[in-house]
Amino acid sequence: MDIIKDFMSTPVLSVNADASTEEAAKEMEEKKVNCLLVKVNEESAGIITTSDLVKRVMAKGLDPKTTKVDSIMSKPLITINHYLTRSDANEMMLRKKIKHIAVTEGSNVLGILTSKDMVT
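In what follows, the accompanying structure is described. Remember, predicted model here, so these are calculated numbers, not experimental data.

With that settled, consider helix α1 (residues 21-31). Along α1, the residues that are buried comprise Thr21, Ala24 and Met28. Down the axis of α1, the buried side of the element spans an arc of 55°, and every buried residue falls inside it. Projecting away from the buried face of α1 at angles above 90 degrees are the exposed residues Lys26, Glu29 and Glu30. Contacts made by the buried residues of α1 are with β1 (14-16), β2 (35-40), β3 (43-49) and α2 (50-58). Positive backbone phi, approximately 60°, marks Lys32, located one or two places after α1.

Below you can see the structure in the form of structure tokens.
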């Protein structure tokens, strides 16, 4: 059976909600990832993706040096249990119209599953 735990990306990389979007973009470039979890007081509050940076910062002419991550992140964080199947994840991602989903075990985020992970 194709459980999503076998397809997710790890480790989970994150950024603080009060960081600038420029800092988030630099972290994403440095780590070669297209999303970061957003943390508020060590709790996962949302996610920021390259698409968020383009659509919510650049396309609107906002200054990435002063625009905070928490003002453009996707929230609430959408999660899926690690033991569910790839088919379950695909269905949820299509229904929610998202390309990234946090994979959890209880309240712990174990990894991130992307639409790219589903096909590779």
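Next comes the rest of the description.
Attention shifts here to the packing of α1 against α2. Contact geometry of α1 with α2 gives a least axis separation of 10 Å together with a crossing angle of 150°. As α1 packs across α2, the resulting crossing turns out to be left-handed. Between α1 and α2, the contacting residues are Thr21, Ala25 and Met28 on the first element and Thr50, Leu53 and Val57 on the second. Of the residues contributing to the contact of α1 with α2, the split by class is 4 nonpolar, 2 polar and no charged.

Overall, mixed pairing links the 3 strands, which are arranged β4-β5-β6 in an open sheet. The open sheet is flanked by β4 (79-81) and β6 (108-114), the only strands paired with a single partner. Looking at each pair of strands side by side, their axes are set apart by 40° on average, direction ignored. Sheet analysis places strand β5 (residues 100-105) next to β6, joined by 6 bridges and oriented antiparallel. If you follow Val103 over to β6, its bridge partner there is Gly111. Strands β4, β5 and β6 of the sheet are contacted by helix α3 (residues 86-96), whose axis makes an angle of about 160° with β4.

Take the pairing of β2 next. Bridge analysis of β1 against β2 gives 3 bridges, and the strand direction is parallel. Pairing of Ser14 across the sheet is with Leu37, part of β2. Relative to β3, β2 runs antiparallel, the two being bridged by 6 bridges. By the bridge assignment, Val40 is partnered in β3 with Glu43. From the end of β2 to the start of β3, which pair antiparallel, there are 2 residues, and Asn41 there has a positive phi angle of about 50°.

Quick notes on the rules
- Residues numbered from 1 in each chain as written.
- Predicted model: local features only at pLDDT ≥ 70, side-chain atom pairs only at ≥ 80, totals over all residues.
- Heavy atoms only, no water.
- Buried < 20%, exposed > 50% of the residue type's maximum accessible area, 1.4 Å probe, protein only.
- Helix = DSSP H or I, 4+ residues; strand = E, 2+ residues; numbered from the N terminus.
- Arc of directions from axis to C-beta.
- Contact = heavy atoms within 4.5 Å.
- Axes fitted to C-alpha atoms, helices over the stretch in contact; angles between N-to-C directions.
- Left-handed = near helix turned anticlockwise from the far one by under 90°.
- Nonpolar A, V, L, I, M, F, W, Y, C, P; charged D, E, K, R; others polar.
- Pairing = 2+ DSSP bridges.

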